[in-house]
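# Understanding the architecture of this molecule
In case you want the letters, here they are:
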Amino acid sequence: SIPSLDLDIIKLTAQFVAINGRSFLNGLLTRENRNPQFDFLKGHHYLFGYFTSLVEAYGKIVNPPEDVLEKLERDAEDRTD
């Protein structure tokens, strides 16, 4: 089981990486290299896969594919008619 504080850090970090991109992640890796709470940023860590899946999921929300936006706009227009 993952402590709730660690889970919150992973989720919040994933959100920031989804919004700010790879350069943010690289800077964070450099800055927090010796901080064990950020070991999940390292590829060999058992939570790295979970972290990257969160980044991908949050990325789809922050920057949805164009076809998804178009469908949402059409659906919203259909509801107002």
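Residues numbered from 1 in each chain as written. Predicted model: local features only at pLDDT ≥ 70, side-chain atom pairs only at ≥ 80, totals over all residues. Heavy atoms only, no water.

The next thing to look at is the overall build of the chain. Looking only at helices and strands, the chain has four helices and zero strands in total. The C-alpha radius of gyration computed for the chain amounts to 16 Å, which surpasses the reference 12 Å derived for 81 residues by more than 25%, pointing to a less compact arrangement than a globule. In terms of overall dimensions, the chain has a C-alpha envelope of 55 × 30 × 20 Å along the principal axes. The 81 residues of the chain split such that 21% are buried. Across the chain, contacts joining residues at least 24 apart in sequence account for 64% of those joining residues at least 6 apart. In the structure as shown, the chain presents an accessible area of about 6000 Å², 55% of it carried by carbon and sulfur atoms. Averaging the positions of the 9 positive and the 13 negative side-chain charges in the chain gives two centres separated by 10 Å. (Helix = DSSP H or I, 4+ residues; strand = E, 2+ residues; numbered from the N terminus. Rg over C-alpha atoms; globule rule 2.2 N^0.38 Å. Buried < 20%, exposed > 50% of the residue type's maximum accessible area, 1.4 Å probe, protein only. Contact = heavy atoms within 4.5 Å. Areas by Shrake-Rupley, 256 points an atom, 1.4 Å probe, with all protein chains shown as cover. Lys, Arg positive; Asp, Glu negative; His and termini not counted. Charge placed at Lys NZ, Arg CZ, Asp CG, Glu CD.)

Let's shift gears to the confidence of the model for the chain. Residue-level pLDDT values for the chain average 94, and 99% of them are 70 or greater. Here helix 4 (residues 66–80) stands out as the least confident element of the chain, with mean pLDDT 88; helix 1 (residues 4–20) is the most confident, with 97. (pLDDT = per-residue confidence, 0-100.)

Below, the discussion takes up the packing of helix 1 against helix 2 (residues 22–31). One way to put it is that helix 1 packs onto helix 2 with a least axis distance of 6 Å and a crossing angle of 135 degrees. Classified by the angle between their axes, helix 1 and helix 2 sit oblique to one another. Where helix 1 approaches helix 2, its residues Thr13, Phe16, Val17 and Asn20 are matched on the opposing element by Arg22, Ser23, Phe24, Leu25 and Leu28. Residues that form the contact of helix 1 with helix 2 fall into these classes: five nonpolar, three polar and one charged. (Axes fitted to C-alpha atoms, helices over the stretch in contact; angles between N-to-C directions. Parallel < 35°, antiparallel > 145°, perpendicular 65-115°, else oblique. Nonpolar A, V, L, I, M, F, W, Y, C, P; charged D, E, K, R; others polar.)

Mapped onto the elements, threonine 13 comes out in helix 1. Assessed through its relative accessible area of 7%, threonine 13 is described here as buried. Discounting residues that sit within four places of it in the chain, threonine 13 has contacts with Leu28, Phe38, Phe40, Leu41 and Phe51.

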